[in-house]
Each structure stands twice: as C-alpha cells, then as structure tokens.
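Fold and contact review
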Amino acid sequence: MLCALCYSIIPAHYNTKYAKTLQYSIKKKRKHVHFVPLKKNNAGLYTCGPTVYNYAHIGNLRSYVFEDVLKRVLKYNKYKVKHVMNITDVGHLTSDADEGEDKMEKGAKREGKTAWEIAKFYTKAFQQNLVDLNILAPDIWCRATDHITEQIKLVQKLIDKGVTYETSDGIYFDTTKIDDYGKLANLKTQNLKPGARVKLGEKKNPHDFALWKFTPTGQKRQMEWKAFEKMGFPGWHIECSAMSMKYLGKQFDIHCGGIDHIPVHHTNEIAQSETATGKKPWVKYWLHNEFVNMSNPSTGAQDKMSKSLSNFITLDTLKTKNISPLAYRYFLLQTHYRKQLSFSWEALEAAQNGLDRLYGIVKSWKDAPKIGCAEYEQKFLDLVNNDLNTPEALALMWNLVKSDYPVSAKKRTLFKFDEVLGLGIKTLKYKNIKTAIPDEVQKLLAARATARAGKDWKESDRLREEIREIGFQVVDSADGHGVKKLKI
Ligand code: AMP
Ligand code: ZN
C-alpha cells in the first residue's frame, strides 16, 4: 500500500527574527504526522487568501504555490479535495493588532477609486497570477463582504458564550476566558502581561482581538454594516472562521497560510471557532510556508519581502525581465516550503534556463508516451508524500530525464510527475507568455518615434539611451522599431 501523507504541523525551526519581534517562542518541536482524513478518501482544505488592496507580491505567491502542490499531492493520492479560499476585501487593518486604517480604504484613497472597485480590480489581478502560475483554482472562492451575515452570527454566538467584551471601538474576544489560547504557536501568554512593551488601549489583555469593529463616531466608511446596534465591520479573523465552517463543516482536515499567520491570525481563528462550536480540534492539520526574503542593500540582512518594507516584486516585474511565471514556480519548488528562500535574479535566471532546457528536451522527444518507469514513479510518490519534498522530487525528475529508459517511458512518467509539479511540461505552456514591455518603456518609445518623425536625432539618441538604462535595447527595422530585453 502507498504510504500515507506525512506532514509537519508547523515548522520545528520557527525562530526567525520576525517571530521574535512578535514576542513569542516555540518551545516544543513539532513532529511529522500521518495524514488521516476526517472522512475516508476526502480532504477538506482551507487556504487563507489575499487581502485585495494591491497586487500580490511574489512572496505572497509562494504560499499559493505551496498550497497548490499540497492539493495536487492529495489528488495524486486519489483524495477528493474540497478546496476553499477566501478573499479578504474588508476588515484587514494595517496592523495585525486591530489598529490603523483598513487596507481596502487605504488602497481606495491611494488610487482615487472606491474600496469596492479596488477589491474587484485586485481580485482579478490575483486570480490571473494563479492562472499564470498554473495553480489549480479553488472549488470555492469566498469574499468576506459576501458573508457578513455569517460573521455577525458567529460573533453573536461568542457574545452568548460570554467570552467577549465591548470597548468604544468594537467587540473583543477575551483570550483569558479560554484555557488553551495560543496553543498553535505555543504562545507564552504569561510573558505578555500588560506592560511597557504592549500597548493595550481599551483591551483587557494583550492578545485579545477584535471580532467586530465599530465605525468611529462621526465617520462614514465605504464598507460598513448595521450590527450590534451600530454601524461597523468585521475584524480580520472572523471571516476565515465563518467561511471555512460554512463550506467545510465545523471541523475539517487542513488549513494553510504563511508562517506569519501562526501567532495572530490562525491562533485567533482557532480560539473563536473552537469556542463557538465547542468542537476540538477545529482543524486537524496546519501547514505553513516560510518566507521569501530580500537582501537589504544597506544592512546586508535578509528581510521578509513585504509591502510595508517596499522591497517587493510582482509577477509582472518578473515577466518584464523575461522570467516566466512557471520559471518562478520552478524556482520555488527547488526549496522546501518550510525553508526560507532568498530572492536573487541570478537564481531566477538559472531557474528559467533550467526550465527552458527541460522544455527543449521534452520537445525533442518525438515518441508517444507509453508504459512509464515504475521505479521512478514509486520514488517520486515517496518524496512528495514525505512533507512535500519538491527539491528532491525535482532532482529525481532530472535523473529520469537523463536516464537510459526509452523516451516513451520517460515521457509518460514525466507527465505524471507534472500532475504534482505543475510546470506545464505537457503543454510547454509558458512559451505563450510574451515579455511584457513596461509602460515606462512604451512611453519612451512613443516619444522617440515622435522625435524621429521630426528628425530630432539628438533627442532620439537620448531616448534610446534612457531606454537602455531601464534594461531594454531599441531595435530599429524597416517596418518600425521595437525593444529587446537586455540580459540581466
Ligand atoms: P496577505 O495578502 O498579506 O494576507 O498575504 C497573503 C499570504 O502571503 C499569507 O499567507 C502570508 O502569510 C503570505 N506571505 C506574506 N509575505 C510573505 C513572504 N515574504 N514570503 C512568503 N509568504 C508570505
Ligand atoms: Zn485566514
């Protein structure tokens, strides 16, 4: 019999600088456990989706690629997967501690649009990112703003259970009312008594969190609803509890997200869900991916890629540098999802070259796929079933490609591997993605065409140089001009 899936619940090495700033520590090492679903042959999977106030950066996208591999592995093992992903389009404040501006309203101000328009635009952009990365779409997409009633009901349930209190700005969960708060992250609550380092405001305890926020007096928000006798909006965590339970039941199998969700978002989701239903555990298995980091030019340190640090890169930026989204996917698979990953253009270029080579080889294989290589297929299954060991699975894939097996067998097995890897090997997909030319370059090209039409050769040369500095070479030809991406 095939071995069961084997996962770690949360990383054993969780001791990053980021974690320390959040003032908690992990005491116990987490262990790998075999996956045993609640319902035979089925897997309920909930993955925290994006906050749609801006483009997702490629660090965010690591989460969705890792979750896609997980889902593909479950399917590869013949599980019937029900995958739910939320879209956070309200209630996520600029600070995870229930303070600051709503990210959606902030995005609306930034772009002179309504919060609803911002949500629509960036949801679409995110969904396109998933398509580009060959990520299988969830079975259910759910928007927070489409589930306000469910969230209000859940908050009411918690009020009825006596675990909440009201302040001037919202309804809060009193974390001291439950005895296992913080179990996912092994939070050391005793070290977080009110003190100089923790700003409490009207909160009774440092970890207490908002279930529902009131619209500040005298203000009108773009997104607000009448509940609990006032206008207000949901806290960030309540949506994931309400929507996951609506679609997957009071208890379900797997919940995923990035590692930064462990101490606050997922910890709070557990507290409110288990308290509301009385059923424990709410979720059987938790899996979290590590960060994509960027080197800080001033300090040399590796910082988490994040919008707040303005050190982020989007998938579109990669395209302008001739890195296809699938090459980025390949780059991600080269590192285990629980290891930190340093971004570098050199590594990405190497990934692109590696994928090009693979595509070239597969293209040269003219024989039709026939009986596969059983030995390789077994090894591959063992690797991906062992906590999604994609780096070794890729190494195995290359061994297969270089092996003496007949092409017909190699082709068949490689296509099978790609059901998990999702590199588009069967369709050689990314060749269809054209290099995007940035707006900036397009504008300069248009200005150069005008200069040339007016025989202003000096200005034309200056613009050619300016375009070159951005990384593109102007190519003039009899039928016009274009640009070619310079090598990085
Ligand atoms: P957000 O849209 O901010 O809620 O983030 C979406 C997902 O990206 C969450 O699962 C985060 O934990 C994850 N994430 C954020 N930054 C990074 C990063 N630098 N590397 C990997 N994952 C990240
Ligand atoms: Zn969530």
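For every chain, the first residue of its written sequence is number 1, and the numbers climb from 1 along that sequence. A letter from A marks each chain and a number from 1 marks each ligand, given out in the order of writing. At least 70 in pLDDT is required for a residue's local features to be given in this predicted model, at least 80 for side-chain atom pairs to be given and counted, and no such filter applies to totals for whole chains, interfaces and linings, which use all residues. Hydrogens and water molecules were not included; the side-chain quantities draw on all heavy atoms of the structure.

1. Regarding the sheet that holds strand β15 (residues 341-342)
So the rule is basically this: Pairing between strands is defined by DSSP: at least two bridges between them are needed. Counting from the N terminus, the helices are the DSSP runs of H or I reaching at least four residues and the strands are the DSSP runs of E reaching at least two.
Read across the open sheet, the three strands follow the order β14-β13-β15; overall the sheet is mixed. Two strands bound the open sheet, and with one partner strand each, they are β14 (302-304) and β15. When strand β13 (residues 292-295) meets β14, the two strands line up antiparallel, connected through three bridges. Each bridged residue has a counterpart across the sheet, and for Met294 the counterpart in β14 is Asp303.

2. Structural notes on the packing of aromatic side chains
For clarity, the threshold we go by: Pairs were defined over the aromatic rings of Phe, Tyr and Trp, the Trp ring being its six-membered one, requiring ring centres within 6.5 Å. Orientation was assigned from the angle between planes: stacked under 30 degrees, edge-to-face over 60, tilted for the rest. For every residue, the accessible area (1.4 Å probe, protein chains only) is compared with the maximum for its type, and the residue is labelled buried under 20%, exposed over 50%, or partly exposed between those bounds.
Scanning all chains against the criterion turns up 20 aromatic pairs. Where Trp212 meets Phe228, the ring centres are 5.7 Å apart and the plane angle is 70°; that geometry is what we call edge-to-face. Residue Trp212 is found in strand β8 (residues 209-214), and its partner Phe228 is found in the loop between β9 (225-227) and β10 (230-234); the two are separated by 16 residues along the sequence. No difference in accessibility class separates Trp212 from Phe228, as the two residues are buried. Members of the aromatic cluster, each reached through a chain of ring pairs, are Tyr46, Phe252, Trp282 and Trp286.

3. Overview of the pairing of strand β11 (residues 252-258)
As a reminder, the rule being used: Looking down the strands as they point away from you, a crossover is right-handed if its path from the first strand over the helix to the second goes clockwise.
Most of β11 sits out of view: seven of its seven residues are buried. Bridge count between strand β3 (residues 42-47) and β11: three bridges; the pairing is parallel. Bridge assignment links Tyr46 to a residue of β11, and that residue is His255. In this view, the connection linking β11 to its parallel neighbour strand β12 (residues 283-289) by way of helix α7 (residues 262-277) has right-handed handedness.

4. Looking at the site of ligand 1
As a reminder, the rule being used: Nearness of a residue to a molecule or strand requires only that one of the residue's heavy atoms be within 4 Å of it. In protein, a polar contact means a hydrogen-donor-capable atom and an acceptor-capable atom, both N or O and within 3.5 Å, with residues adjacent in sequence counting only if both atoms are side-chain atoms; elsewhere, any N or O pair within 3.5 Å suffices. These domain limits were set by an automatic method or by a database of domain assignments.
Among the 17 residues in the neighbourhood of ligand 1, the closest are listed as Gly59, Gly258, Asp260, Val292 and Met305. For ligand 1, an oxygen atom lies 3.1 Å from a polar atom in the backbone of Thr51. Gly59 has a polar backbone atom sitting 3.1 Å from a nitrogen atom of ligand 1. Broken down by secondary-structure element, the contributors of at least two residues to the shell around ligand 1 are α2 (58-76) and β11. Here the element with the most residues in the shell around ligand 1 is α2; it accounts for four residues. Counting only domains with at least three residues in the shell around ligand 1, you end up with domain 1 (37-289) and domain 2 (292-436).

5. Side note on the coordination of the zinc ion (ligand 2)
Working reference: metal with six octahedral donors, ideal angles 90 or 180 degrees; metal with four tetrahedral donors, ideal angle 109.5 degrees. To keep it simple, the criterion reads: Water is not among the atoms examined, so metal sites may look incomplete; donors are the N, O and S atoms within 2.8 Å of the metal, or within 3.2 Å for Na, K and Ca. Sites are called tetrahedral only when four donors show all angles between 85 and 135 degrees, square planar or octahedral only when four or six donors show opposite pairs over 155 degrees and all other angles between 65 and 115, and irregular in any remaining case.
Looking at the metal site, the zinc ion (ligand 2) is ligated by Cys48 (SG), Cys240 (SG), His265 (NE2) and Glu269 (OE), spaced 2.0 to 2.8 Å from it. Coordination at the zinc ion (ligand 2) is irregular, judged from the four donor atoms that bind it and the angles of 67 to 130° they form at the metal. Taken in chain order, the donor set of the zinc ion (ligand 2) reads C-x191-C-x24-H-x3-E. Highlighted residues: His265 and Glu269, both in helix α7, separated by four residues, approximately one helical turn.

6. Points about helix α6 (residues 236-248)
Note the cut-off: Expected helix span is given by 1.5 Å per residue-to-residue step, counting one fewer step than there are residues.
When the terminal C-alpha atoms of α6 are compared, their 19 Å separation across 13 residues agrees well with the 18 Å that a helix rising 1.5 Å per residue should span. Taken together, the buried positions of α6 are Trp236, His237, Ile238, Glu239, Cys240, Ser241, Ala242, Met243, Ser244, Met245 and Leu248. Taken from the residues just after α6, Gly249 is the one with a positive phi, measuring 100°.

7. So, a positive patch on the surface
Stated formally: What makes a patch is a set of residues exposed beyond 30% relative accessible area and free of salt bridges, joined within 9 Å when like-charged and within 5 Å when nonpolar (Val, Leu, Ile, Met, Phe, Trp, Tyr). Here, Shrake-Rupley sampling with a 1.4 Å probe gives the accessible areas, and only protein chains in the shown set may cover a residue. Whenever Lys or Arg places a side-chain nitrogen within 4 Å of a carboxyl oxygen from Asp or Glu, that contact is recorded as a salt bridge. His is not counted, nor are the chain ends; Lys and Arg add positive charge and Asp and Glu add negative charge. A single reference atom marks each charge: NZ on Lys, CZ on Arg, CG on Asp, CD on Glu.
A cluster of like positive charges, contributed by Lys39, Lys75, Lys80 and Lys82, occupies part of the molecular surface. Here Lys75 is to be found in helix α2.

8. What to know about the pattern of salt bridges
If you walk through the whole model with that rule in mind, you get 23 salt bridges. Between Arg72 and Asp68 there is a salt bridge; the shortest N-O distance is 2.8 Å. Residue Arg72 and its partner Asp68 are located together in helix α2, separated by four residues, close to a single helical turn. By the burial criterion, Arg72 is buried, and Asp68 matches it. As a salt-bridge pair, Lys319 and Asp316 come within 3.6 Å of each other at their nearest N and O atoms. With a gap of three residues between them, Lys319 and Asp316 both fall in helix α8 (residues 315-320), about one helical turn apart. Here Asp316 falls in the partly exposed class, since its relative accessible area comes to 41%. Salt bridges sharing common partners tie together Asp180, Lys183, Glu274 and Lys280.

Don't take any of this as a statement about function, it's just geometry.
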